[in-house]
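Architecture and fold: a report
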Amino acid sequence: MHYSKIKQATLSSLYIVLILLLSACGNNLKDITTFLNAKEAVYEDISIQMGEAYWNLYSDEAEADLKAPKERYVDLYTNDTLISIIEDWYPKRNTIDDKILARRIEVWNNILTAAKINYAEENLKLQNELEFWLGEPDTAKGKPSDAELKKMVIQLMKQRNEQAKAMGYENYAVLMLDITETGYDWLEEFVRIIDERTYEPYKILKEEYLSETEKSEFTNDDARSLLMPYYINQITPDLSGDSMRAAMKNIIDGIGLDYNSLPFRVVENEMPPGVGGQGIAVQIPGDFRIALMPGLGFATWMHELGHGLQAMHTTIESPILKGYEWSFGSGNGGFSEGMAETSARFTRNVNIAKQFSDLSDEELAEKIAAMNKHRAAYLRYWLAIFMFEIEYYKDLDQDPDELKRSVIQKYRLLDSVNEESAPLLDMVFVSYPLYLQNYVIAEIVSWQVHDALLDKFGESYINDPATGQFLIDHFYKDGAAMPWRTSLKTATGKELDVDGYLTYFGL
Ligand SMILES: [Zn+2]
């Protein structure tokens, strides 16, 4: 008796505590939603300002003020209340019934984690200086020497690394891959599989090349010669000007996305060094702009428009989930490049090539075979490009030139490295850290999406409004409401199918 009474008393007081807790949660969550709504309105306002600034930088329509929005981001990301709410709720986000709110907290956590480093005053200062000087010609007055610039880049990388370690990460690369939801371990496995499966086919290509050219040594120039047929034999129709725009309209209308109703515009203009084209979502979904170097090909146009197709069909309300690209952690680069490549990939569809080019069936088949034959060279060439940065962050005291040589030697199977390289004097390490792998991921995402479309709607998917609706429903409209892997799996039945891709192409 006595015992059960105590039990009952304990239970009922537990019950009261629970009720109190739950109602506190309820109130709290309402307040948090209101608070986040306000902060996200500010976030969107800054993002639009940033988009305008980048647009001006690329289009030369007006003076580009990148500084003002950056300062406003710093202000937002150092807001104490915001930080403490996210720190408090992030670990218990899965207890929240409102899944969109839980996801907003997750994405905010990603952004704030990255911002602690990328928007730290001492890093931003160095980054701004480097962005300025790396964009200036060597003849510019006062430009630091290459050796001095290299030192500055290493300094910036070291600062980032130290801060990442202080936050409990193994290094900065691990942190960045984590907050963009690529995952360091996942990427390691991704590289391991591609390396393993392309090794023998690449070796055969190399042997063949050496015997054909009667060379005794395989150098980086030779690796490039093995890569070129992959690009040269793309079957993308060789279009430009009005005929290219007509083909774009034809494809977009064909998949039911009504080209003329899309809120975008394009300018062709000289770009800063290293930039070919840039699609900019100034306001999502209502204002998308594309700046391109004059003379770029059909596939590049379709790639940039592909970024736009995604942005212009995003209907989720929460600004933090819309995919504004200016803050690391707001989305996954492999996925967004994958959406752009999904659009570009239509230009490499054989039925589209037949429609827009004069190549015979036989010529098309020959090109496709030559391209596929060199796919291993393309993949291994790219592994070397992006693995350098990942390996370098493991130990920033090692000699970067030596590391670069050993990485390209490893993936491109070089007998000797004749390359003169200044691997760090590149804007990507300063402005787009840990981004380059996204282009390889995108190649596989786009293959997988097209494969799923083919499977669902048959060969005529390239001219079926169901295709556009499928892309909207699964990939565009909800922005980052779900992690990219979940979206891909829901739409295609699988997470990124590296094995399927390699098998499909005989690797
Ligand atoms: Zn892109």
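Residues numbered from 1 in each chain as written. Predicted model: local features only at pLDDT ≥ 70, side-chain atom pairs only at ≥ 80, totals over all residues.

**Digging into the overall build of the protein chain**
When its secondary structure is counted, the protein chain shows 21 helices and 3 strands. Taken against the 2.2 N^0.38 rule, which gives 23 Å for 507 residues, the C-alpha radius of gyration of the protein chain at 25 Å falls within 12% of a compact globule. Each of the three principal axes of the protein chain carries a C-alpha extent, and together these read 95 × 55 × 55 Å. Evaluated residue by residue, the protein chain yields a buried proportion of 38% over its 507 residues. (Helix = DSSP H or I, 4+ residues; strand = E, 2+ residues; numbered from the N terminus. Rg over C-alpha atoms; globule rule 2.2 N^0.38 Å. Buried ≥ 20, exposed ≤ 12 C-beta atoms within 10 Å, placed from the backbone.)

**Observations concerning the sheet that holds strand β2 (residues 277-283)**
Pairing is mixed across the open sheet formed by 3 strands, whose spatial order is β1-β3-β2. A strand with exactly one partner marks an edge of an open sheet, and here the two such strands are β1 (264-268) and β2. Between one strand and the next, the sheet's axes are offset by a mean angle of 20°, whatever the strand orientation. As paired elements, β2 and strand β3 (residues 287-292) share 6 bridges and run antiparallel to each other. (Pairing = 2+ DSSP bridges. Axes fitted to C-alpha atoms, helices over the stretch in contact; angles between N-to-C directions.)

**Remarks on the domain arrangement of the protein chain**
By the assigned domains, the protein chain splits into domain 1 (30-172) and domain 2 (241-359 + 437-490). The straight-line distance from the C-alpha centre of domain 1 to that of domain 2 is 25 Å. Domain 1 puts 27 residues into the contact, and the matching count from domain 2 is 24 residues. For the side of domain 1 that touches domain 2, the secondary structure elements donating two or more residues are α1 (2-59) and α4 (99-118). At 13 residues, the largest contribution of residues to the side of domain 1 that touches domain 2 is made by α1. Here the side of domain 1 that touches domain 2 is built from residues that sort into 14 nonpolar, 7 polar and 6 charged. (Domains from an automatic or database assignment. Contact = placed C-beta atoms within 7 Å. Nonpolar A, V, L, I, M, F, W, Y, C, P; charged D, E, K, R; others polar.)

**Considering helix α12 (residues 333-344)**
With 12 residues, α12 should cover 16 Å at 1.5 Å per step; its first-to-last C-alpha distance of 16 Å lies within 8% of that length. Of all 12 residues making up α12, 12 are buried, and the element is well covered by its neighbours. Considered for burial, the residues of α12 that qualify are G333, G334, F335, S336, E337, G338, M339, A340, E341, T342, S343 and A344. Contacts made by the buried residues of α12 are with α11 (298-312), α18 (438-457), α19 (465-476) and α20 (484-492). (Expected span 1.5 Å × (residues − 1).)

**Examining the packing of helix α5 (residues 121-134) against helix α6 (residues 146-166)**
Where α5 meets α6, the axes come as close as 10 Å, and the angle between the chain directions of the two elements is 150°. As far as their axial angle goes, α6 and α5 are roughly antiparallel. Regarding α5 and α6, the two cross each other, and that crossing is left-handed. Contacts between α5 and α6 involve E122, N123, L126, Q127, E129, L130, W133 and L134 from the former and L149, M152, V153, Q155, L156, Q159 and R160 from the latter. Grouping the constituent residues of the contact of α5 with α6 by class yields 8 nonpolar, 4 polar and 3 charged. (Parallel < 35°, antiparallel > 145°, perpendicular 65-115°, else oblique. Left-handed = near helix turned anticlockwise from the far one by under 90°.)

**Quick word on the nonpolar core**
Counting residues in hydrophobic clusters, the biggest one holds 116 residues, and the most contacted among them are A173, M176 and V445. When near neighbours in sequence (up to four residues on either side) are disregarded, M176 contacts A114, F328, P433 and L434. (Core = buried A, V, L, I, M, F, W, Y, C linked by C-beta atoms within 7 Å.)

**Comments concerning the environment of T503**
With respect to the helices and strands, T503 occurs in helix α21 (residues 498-504). With 219 residues separating them in the primary sequence, T503 and I284 have C-alpha atoms 37 Å apart.

**Observations regarding the environment of S59**
Structurally, the position occupied by S59 is in helix α1. Spatially, the C-alpha atoms of S59 and I290 are 8.9 Å apart, while their sequence positions differ by 231 residues. Discounting chain neighbours no more than four positions away, the residues touching S59 are V267, N269 and A291.

**Description of the environment of E391**
Looking at the element boundaries, E391 is found in helix α15 (residues 375-394). Judged by the 17 C-beta atoms lying within 10 Å of it, E391 falls in the partly exposed class. Spatially, the C-alpha atoms of E391 and L403 are 8.0 Å apart, while their sequence positions differ by 12 residues. What E391 contacts, discounting residues up to four positions off in sequence, is L403 and V407.

**Topic: unusual backbone geometry**
Omega for the bond connecting I284 with P285 falls within 30 degrees of zero, at 10°, which places this linkage in the cis form. You can see P285 is positioned in the loop between β2 and β3. In this structure, D258 is a non-glycine residue whose phi angle is positive, near 40°. Relative to the helices and strands, D258 is located in the loop between α10 (241-254) and β1. With 12 C-beta atoms counted inside 10 Å, the residue D258 sits in the exposed group.

**Remarks on α15**
When the terminal C-alpha atoms of α15 are compared, their 29 Å separation across 20 residues agrees well with the 28 Å that a helix rising 1.5 Å per residue should span. For α15, a buried count of 15 out of 20 residues is recorded, marking the element as mostly surrounded by other parts of the structure.

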